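Notes for the structure review
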Amino acid sequence: MKLIAKSERCSGCGACRLVCALTNFAQVNPAMAALSIHGRFPAPGVYEIGLCDQCGVCAEACPVDAIEENNGVYLIDADTCIACGECIDACPHGVMFEHAQMDTPIKCTLCKACAEICPRDALQLAE
Amino acid sequence: MLNGYAGAILRVDLTTETITKQPLPVGLAEAFIGGRGFVAKTLFDELKPDTDPLGPDNLFIAASGPLSGQFMPASGKTHFGCKSPATGGYGDSNLGGHFGPALKYAGYDMLILTGRAASPSLLVIEDDSVSVRPADNLWGLGSLSAETRLKEEMGEDYQILTIGPAGENRVKYACITHDFGRQAGRVGIGAVLGSKNIKAIAVKGTQSIPVADPKGLLEEGKRAYRDVRAKPGFTGWTPEGTAGITDWINRVGAFPTRNFQTSYWDQHTQINGAAILRELKITDKGCYCCPTPCGKYGRAKTGLGDVYVEGPEFETNSLLGSNCLLGEISEVAYANYICDELGLDTISAGVVCSWAIECYEKGLLDRDAIGREVAFGDLASVVHLLECIARRRGIGDLLAEGVKQAAQKIGEGSDAFAIHVKGLEWSGYECRNAPGMMLAYMTSDIGAHHARAWVLGHDLAGSSGSVHDLIVSEAKSDKLPKSEVSGRAATVIESQHLRPLFDLLGICRLQFMELGFEVEHYERLYEVVTGKRMTWKQMLAVSEKVWQLTRSISAREIPGFGRGWDYPPERFMSEPVPDGPNQGHCISRKEVDILLDEYYAMRGWDSNGLPKVETLQAMGLADVAASMPEWACHRST
């Protein structure tokens, strides 16, 4: 199972990013979210969602093998991670982030909260 | 630590470039909740006597509320306040988008600007880092163009406010623009920012907002989103947004047409919500965390240009559309774009343009004065007037002062059809046969604006249901009977506490007003966010207190303020509606006095509309009551 984006349905409200941070870190702080929304304004006037499709490029880039796959989801082992940022640079979708309050990069855990909350069904789950 | 709040106030004295951060007083949060409450209390406490609204001593305030930026439907509202350039009294205006949440994530519940920058400047807030930077390269740019430039230079993570040429030139109804189409449009708040030489404010925040119960917030937030989605209006109201009410408004004869000469237009389907979807829309554009985005972003192609624009929403459709008789939605959208880029409030600008065109028709303004022929229904006329106003060119210099002052200057009876209250132009509902809504406009604390109370459903359909209920209701008759005037005050006052309560909390009211979303959600969300229990009724009591405070501020600031400032324009009291469902109806001065007498009595005000000492004391506003002897209302105008 993975997340898929229907960007043409997105209205840019950002509820997905807030619920992501609240679910994974118990924080009201969209800067801790593991997905992105880019507004293309004034033209052409569309939103583009950036999300993790669990491609695993981050795991390949990690020099200390801190990112491991489990049932199709790549997760960071905080004890192993050295916060070098190689995975952030390598992510082809630009959806791994650093944050001053976090010891490790922020990465999608496929918790599904974003897809559950999106009022536009712009985020969906697919096999 | 105050849960639910960022916990700090950011003050910038632009004259001295002194930047101060102070803790948010617990007492302020407890007594005034946030947003509009913070704005009103700060203006009362800090505004110096006889401050020029466009002088350096005026305050520019931006404030969010405890629910702003929280995980819940539509938590994106920011409230702005100042001494109003439009009225000289209390002024506030709010916008959606993402600015207030960003300010909160940066660590601030309120931003207060005082003084005046020595040259055009940009205020940049990045968490703890705050700087005032040169913006000479931005001065003169349109609002949308300036935002585009700043996003290109700074990155799209910044939430940006801009003003256009109208704000730079201190037009009394200049707005501030955000997120390519969201405006705090009213009271001339953009002129205040322009008077401070601030072209733009950019905010980027990366900090967490402390909340009492994060797990509870996650559960209650999810429940709220589920319940919004279950409302019939979720799929019924959202697609067209605010413009979806156009057909109903016209059906009940409340659609301002031809400078409010009438209240019905048989061409309304050319500019209604369906027309927006059919001819303009590219995408729905949502404010922060909004599940029901009313913003319709689109592209308008006219003979004058091909533009991208958010809107028009209902108010713009009404004041630039029917009121100027622009008969194609692309024309209304183009005029909307011109206003956005110039930084003009579409409501006031629409009223001023329609007044000027009527003056031209009546021979009170000629071609030489205006600079060209102008006519209702002509987009080029409207665009010409808007450009003149924003740049204070020719007749625009007078029109930029607002319809009240322009009519005083032109004279010859033109004040009778200058559609305003207190100097603020009337928004999108004609109500010669809607006495409750008429009273709402007359007593709105900022002037003739609908945000404070909206009771048209009660007036014209006997309904207290949601807007979506009205939209899907069946028409009952083509001709409406004359409405009873007496007995309207209680409903108006209830609405005047209810709608502005959302402005205290820092959230959008539309889920509640338009879809019928239950208020119990807000009680639970307030509790998990702040850790404090407050019933809806208790919150309404705070809203009532703020109402008494804002009236007091206007009485303190405006010489001669009182009953005389609450009357509608003469047109509504002497010209019966010529056609449509309310044909033949108007409201007499005697009926207006009945409305005011009943309202003042229920408010605890004297017959001149001034709060009584005991009323203010009962509201916990003893300091306000004590200041009454110094109020400017006791001086002659």
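This next bit is on the overall build of chain B. Counting secondary structure elements, chain B contains 28 helices and 17 strands. For a compact globule of 637 residues, the expected C-alpha radius of gyration is about 26 Å, and chain B comes in at 23 Å, within 12% of that figure. In chain B, the proportion of contacts linking residues at least 24 apart, taken out of those at least 6 apart, comes to 72%.

What follows concerns the environment of Ile198 of chain B. All names here are of chain B. The residue Ile198 is located in strand E12 (residues 198-204) in this model. Residue Ile198 is classed as buried on the basis of its 26 C-beta neighbours within 10 Å. Sequence spacing of Ile198 and Lys21 is 177 residues, and the spatial spacing of their C-alpha atoms is 20 Å. If near-sequence neighbours (up to four positions away) are discounted, Ile198 is found in contact with Leu113, Ala117, Ser121, Leu123 and Leu193.

Quick look at the interface of chain B and chain A now. Taken together, the contacts link 32 residues of chain B with 25 residues of chain A. For the side of chain B that touches chain A, the secondary-structure elements that each account for two or more residues are helix H4 (143-154), helix H7 (214-229) and strand E13 (281-285) of chain B. Looking at which element gives the most residues to the side of chain B that touches chain A, the answer is H7 of chain B, with six residues. Taken together, the residues of the side of chain B that touches chain A break down into 19 nonpolar, eight polar and five charged.

With 100% of its residues at a pLDDT of at least 70, chain B reaches an overall mean of 97. Scoring of the predicted complex yields 0.98 for pTM and 0.98 for ipTM.

Okay, the nonpolar core next. With 254 residues, the main nonpolar core has Leu35 of chain A together with Leu344, Ala356, Leu386 and Ile389 of chain B as its most contacted residues. Among the elements that make up this core, the one with the highest residue count is helix H13 (residues 346-361) of chain B (10 residues). Counting residues domain by domain, this core receives three or more from each of domain 1 (8-204) and domain 2 (232-516) of chain B. With sequence-adjacent residues up to four places away left out, Ile389 of chain B is seen in contact with Ala166, Val171, Leu344, Ala349, Val352, Gly396, Leu399 and Ala400 of chain B.

By way of backbone hydrogen bonds, the strands of a sheet pair with one another, either parallel or antiparallel. Residues and elements named next belong to chain B. An order of E8-E7-E12-E9-E10-E11 is seen for the six strands of this open sheet, with the pairing classed as mixed. Since the sheet does not close on itself, it has two edges, and those belong to strand E8 (129-134) and strand E11 (182-184), each with one partner. Taken pair by pair, the neighbouring strands of this sheet meet at an average axis angle of 20°, ignoring direction. Inspection of the sheet shows strand E7 (residues 121-126) paired to E8 by six bridges, in the antiparallel sense. Each residue of the ladder has a partner; that of Glu126, found in E8, is Ser129.

Residues and elements named next belong to chain B. Spatially, six strands are ordered E2-E1-E6-E3-E4-E5 in an open sheet, and the strand pairing comes out mixed. The open sheet terminates on both sides in strands that have one partner only, identified here as strand E2 (18-23) and strand E5 (90-95). Taken pair by pair, the neighbouring strands of this sheet meet at an average axis angle of 15°, ignoring direction. Bridge count for strand E3 (residues 60-63) against strand E4 (residues 78-83) is three bridges, and the pairing is antiparallel.

All names here are of chain B. Under the domain assignment, chain B is made up of domain 1 (8-204) and domain 2 (232-516). Residue-level contacts link 54 residues of domain 1 with 45 residues of domain 2. Contributions of two or more residues to the side of domain 1 that touches domain 2 are made by helix H2 (36-46), E5, helix H3 (99-105), H4 and helix H5 (165-168). With four residues, E5 is the single largest residue contributor to the side of domain 1 that touches domain 2.

Let us look at the pairing of strand E5 (residues 73-76) of chain A. Residues and elements named next belong to chain A. Here E5 shows a buried face lined by Tyr74 and Ile76 and an unburied face lined by Val73 and Leu75. In terms of strand pairing, strand E4 (residues 67-70) meets E5 through four bridges, oriented antiparallel. Paired with Glu69 across the two strands is Tyr74, which belongs to E5. Connecting E4 to the next strand, E5, in antiparallel fashion are two residues, including Asn71 with a positive phi near 55°.

So, on to the pairing of E3 of chain B. Within a regular strand, the side chains alternate between the two sheet faces. Residue and element names in this part refer to chain B. In E3, alternate side chains face the same way, and those of Phe60 and Ala62 on one face and Ile61 and Ala63 on the other are all buried. Here E3 runs beside strand E6 (residues 110-114); their pairing, made up of four bridges, is antiparallel. The partner of Ile61 across the bridge, within E6, is Ile112.

Residue and element names in this part refer to chain B. In contact at an axis separation of 9 Å, helix H18 (residues 435-443) and helix H21 (residues 489-505) are set at 50° when each is read in the N-to-C sense. Our classification of the angle between H18 and H21 gives oblique. At the point where H18 passes H21, the crossing takes the right-handed sense. Together, Gly436, Leu439 and Ala440 of H18 and Ala489, Thr491, Val492 and Ser495 of H21 make up the contact between the two elements.

This part covers the environment of Gly321 of chain B. Residue and element names in this part refer to chain B. Along the chain, the position of Gly321 falls in helix H11 (residues 314-322). Judged by C-beta crowding, with 36 C-beta atoms within 10 Å, Gly321 ranks as buried. In this structure, the C-alpha to C-alpha distance between Gly321 and Gly97, residues 224 residues apart in sequence, is 24 Å. Aside from chain neighbours lying at most four places away, what touches Gly321 is Ile271, Pro312, Leu326 and Val332.

Scoring rules and cut-offs
For every chain, the first residue of its written sequence is number 1, and the numbers climb from 1 along that sequence. Naming scheme: in the order in which they are written, chains are lettered from A and ligands are numbered from 1. Local features in a predicted model are, by the rule used here, given only for residues with pLDDT of at least 70; side-chain atom pairs are given and counted only at 80 or more, and totals for whole chains, interfaces and linings are based on all residues. Comment: elements are numbered from the N terminus, with helices defined as DSSP H or I runs of at least four residues and strands as E runs of at least two. Using C-alpha atoms as the atom set, the radius of gyration is obtained and then compared with a globule rule of 2.2 Å times the number of residues to the power 0.38. By definition, residues are in contact whenever their C-beta atoms, placed on the basis of the backbone, come within 7 Å of each other. Residues with at least 20 other C-beta atoms within 10 Å of their own are called buried, those with 12 or fewer are called exposed, and the rest are partly exposed. The C-beta atoms themselves are positioned from the backbone. Only Asp, Glu, Lys and Arg are considered charged, only Ala, Val, Leu, Ile, Met, Phe, Trp, Tyr, Cys and Pro nonpolar, and every remaining residue, Gly among them, polar. Within a predicted model, pLDDT stands for the predictor's per-residue confidence, ranging from 0 to 100. To count as a nonpolar core, a set of buried Ala, Val, Leu, Ile, Met, Phe, Trp, Tyr and Cys residues must be joined through C-beta atoms within 7 Å. Here the bounds of each domain stem from an automatic or database domain assignment. For two strands to be treated as a pair, DSSP must find no fewer than two bridges joining them. Between N-to-C directions, angles span 0 to 180 degrees; the directions come from axes that are lines fitted to C-alpha atoms, helices contributing only their stretch in contact. The scheme is simple: roughly parallel for angles under 35 degrees, roughly antiparallel for over 145, roughly perpendicular for 65 to 115, oblique for anything else. Rotating anticlockwise by less than a right angle from the far helix to the near helix defines a left-handed crossing, while the corresponding clockwise rotation defines a right-handed one.

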